[in-house]
Amino acid sequence: MFSKEQFGQRLREVRKGRHETQQDLANYLHVAKNSISEMEKGIRTTTAEKIALICEHYQISSDYLLGLSDDPTPR
């Protein structure tokens, strides 16, 4: 089941695992830094297009990011 909180936790984990700042990710997605902060806090999500970009950037599956799988490996 999808949870904004889990989405945010996983986004934070993969971003920090790549040693990127919120600003780095914001620049990549062409959004404001506070958008990344709000996503990581579980306050908001983002568009399907941005989720696809995040998954490509971090080489993770969308199911993992969305909390539908515990396997981060893309298929």
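Draft legend 1. Structural detail: the overall build of the chain. Looking only at helices and strands, the chain has 5 helices and 0 strands in total. Tracing the chain from N to C terminus, the helices and strands come up as α-α-α-α-α. With respect to the three principal axes, the spread of C-alpha positions in the chain is 30 × 20 × 20 Å. Looking at the chain as a whole, 36% of its 75 residues are labelled buried. Of the contacts made within the chain by residues no fewer than 6 positions apart, 57% connect residues no fewer than 24 positions apart. For the chain, the exposed area adds up to about 4600 Å²; of that, 49% sits on carbon and sulfur atoms.

Rules used in this analysis
- Residues numbered from 1 in each chain as written.
- Predicted model: local features only at pLDDT ≥ 70, side-chain atom pairs only at ≥ 80, totals over all residues.
- Heavy atoms only, no water.
- Helix = DSSP H or I, 4+ residues; strand = E, 2+ residues; numbered from the N terminus.
- Buried < 20%, exposed > 50% of the residue type's maximum accessible area, 1.4 Å probe, protein only.
- Contact = heavy atoms within 4.5 Å.
- Areas by Shrake-Rupley, 256 points an atom, 1.4 Å probe, with all protein chains shown as cover.

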